[in-house]
Amino acid sequence: MAELKTYRMYINGEWVESSTGEYFESHNPATEEPWCLVAKGTAEDVDRAVRAAQSAFENPQWSSMTYTQRGKLLRRLGDLIAARVEELAVYETLDNGKLIREMRGQLQYLPEFFYYYAGLADKIHGETLPIDKPDLFAFTSREPIGVVAAITPWNSPLYLTTLKLAPALAAGNTIVIKPSEVTSASLLELVPLIEEAGFPPGVVNVVTGFGDPVGNALTSHPLVRRIAFTGGPESARHVIRNSAENFARVTLELGGKSPNIVFEDADADNAAMGIIAGIFGAAGQSCVAGSRAFLHKNIYDRVLEKVVDRASKIVIGDPMAAETEVGPLATAGQVKRMEHYVQAGREQGARLVYGGKKPEAIQKGWYFEPTIFEHTDTQIRIAQEEIFGPILTVIPFETEEEAILLANSTNYGLAAGIWTNHLARAHRVAKSVRAGIVWVNTYRSISPIAPIGGSHWSGYGRESGYEAIYEYTQSKVVWVNTSADPMPDPFIMR
Ligand code: NAD
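Given the structure is predicted, the values throughout are model-derived calculations rather than measurements.

## Observations regarding the environment of Gly119
Argument step 1. Checked against the element boundaries, Gly119 lands in helix 5 (residues 100-121).
Argument step 2. Considered as a pair, Gly119 and Ala30 are 89 residues apart in the sequence and their alpha carbons are 39 Å apart.

## Some remarks on the sheet that holds strand 4 (residues 23-27)
Sheets are built from strands that pair by backbone hydrogen bonding, the pairs being arranged parallel or antiparallel.
Argument step 1. Spatially, 3 strands are ordered 1-5-4 in an open sheet, and the strand pairing comes out mixed. The sheet terminates laterally at strand 1 (5-7) and strand 4, the two strands that pair on one side only. Neighbour-to-neighbour, the strand axes of the sheet open up by a mean angle of 30°, direction not taken into account.
Argument step 2. Judged from the 5 bridges that link them, strand 4 and strand 5 (residues 34-39) form a sheet pairing that is antiparallel. When the bridges of strand 5 are listed, Phe24 appears paired with Val38.

## Description of unusual backbone geometry
Argument step 1. For the bond from Asp212 to Pro213, the omega torsion is 15°, close enough to zero to count as cis.
Argument step 2. Here Pro213 lies in helix 8 (residues 211-220).
Argument step 3. For Phe247, which is not a glycine, the phi torsion comes out positive at approximately 55°.
Argument step 4. In this structure, Phe247 sits in the loop between helix 9 (233-246) and strand 12 (249-253).
Argument step 5. The exposure class assigned to Phe247 is exposed, which follows from its relative accessible area of 72%.
Argument step 6. Here Ala283, not a glycine, exhibits a phi torsion of approximately 50°, which is positive.

## Re the environment of Pro359
Argument step 1. By secondary structure assignment, the location of Pro359 is in the loop between strand 15 (351-354) and strand 16 (371-374).
Argument step 2. Pro359 sits 11 residues away from Pro370 along the chain, and the two C-alpha atoms are 9.4 Å apart.
Argument step 3. Contact partners of Pro359, with chain neighbours within four places excluded, come to Ile316, Tyr367, Phe368 and Glu369.

Rules used in this analysis
Residues numbered from 1 in each chain as written. Predicted model: local features only at pLDDT ≥ 70, side-chain atom pairs only at ≥ 80, totals over all residues. Heavy atoms only, no water. Helix = DSSP H or I, 4+ residues; strand = E, 2+ residues; numbered from the N terminus. Pairing = 2+ DSSP bridges. Axes fitted to C-alpha atoms, helices over the stretch in contact; angles between N-to-C directions. Buried < 20%, exposed > 50% of the residue type's maximum accessible area, 1.4 Å probe, protein only. Contact = heavy atoms within 4.5 Å.

The values are spatial; any link to function lies outside them.
Here it is as structure tokens:
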């Protein structure tokens, strides 16, 4: 076997081994073979990285840099990424098995996020306040928070990192990033571009490794002031508990159980394609996966037939091949998870309409068939729990009120799709459905200009869009006494 590529960590502008010198393997999901070795970080490494980030935060090289200059560095980084899209996309596909064309598309668009926050960097300003007291003048400014701990999952490594990195740096913070243990490579490949863009040492640090110990040590570290977490609810619970140690401000981008609601007046072809895009795009490994399709009873059979027909034609195979539509899942554990949910669906009375197993024609790789269940009981596990894979549940409804009730019947609240040509209904349902992102007659659209985030079990806080900059700054108010008179009575509040 060829020698595996080896990745060290990046702390304080240097490539370093972990404190134990240990490495772990990262696998290619299409072949099941290890393809690289990644440094296995420890709590000691986290401490080194956080201290480096704290020093960089205080260093005038960064702290006195103008916001305009920081914006220029971000813009340069965007340009450098634009020139390396092909290479970075290959690393992402090697690590998580997602289609090369999807990763290429994501990375081609990634510079726009850096440009957006580059533009915002010198527009983060406070206000003068019309204070209701004579002789007092007050104004606010927005200041960076300090060391940011960013933790990401494996499904879109660089995109999800960018949603944290770009606003954090635009606002003048420093950052320690822990990528998913499943997909560390593309971020480590990005590091030379961050250096080349001109960010001072210690401003961006990467510690690779597992949730325990690296994620735990990072989110509980006393010098961390801000935690940006994307992942599942179980890890999020640890993160919140850990933040009790440092009182860091936390944002959580968690999962979803997003509904795609198709009304009888919808364009059936478009709706069927929207459902396919929502659940089989990225093999369902997307936080916004439209994993529940609610179909009005009058068009139920027609739309379901179209969805099954298209699902049956999906080309499953090598994620590097141009014609592939669904690649492997990211880990062997993901395949087991799909098998578990297919069994749970059957046991709880759902009817398996399509798929439900590993594709027989493919011998190697962590593949799973696009799978469709239909059922009426919305309380069963496959209709309530985030599966995070290519499993769709299809449920009929009769009235608009019922559709909204059913759509809102899980603990999640991330995204929703509404398919209708009735303008007033589109607005009514968009307002009533519990989701931070609503798409009408489309699905899975993103832009740096639009916020991303949810409520309840889907987390809190927003990434992307201008609101995100507020998540990385804090307000300071300055009061100035403009009176020439002596100080008034010191024993009453002024
Ligand atoms: P995960 O929760 O298992 O892991 C996410 C990250 O958390 C990894 O880097 C992991 O090492 C780290 N982690 C694990 N335990 C930790 C701990 N105790 N302390 C700190 N960090 C810890 O999730 P995953 O399987 O990598 O990703 C899938 C999940 O991510 C799904 O639930 C999906 O919906 C969610 N997700 C959400 C969004 C969003 O924007 N809302 C985007 C993509 C994925």
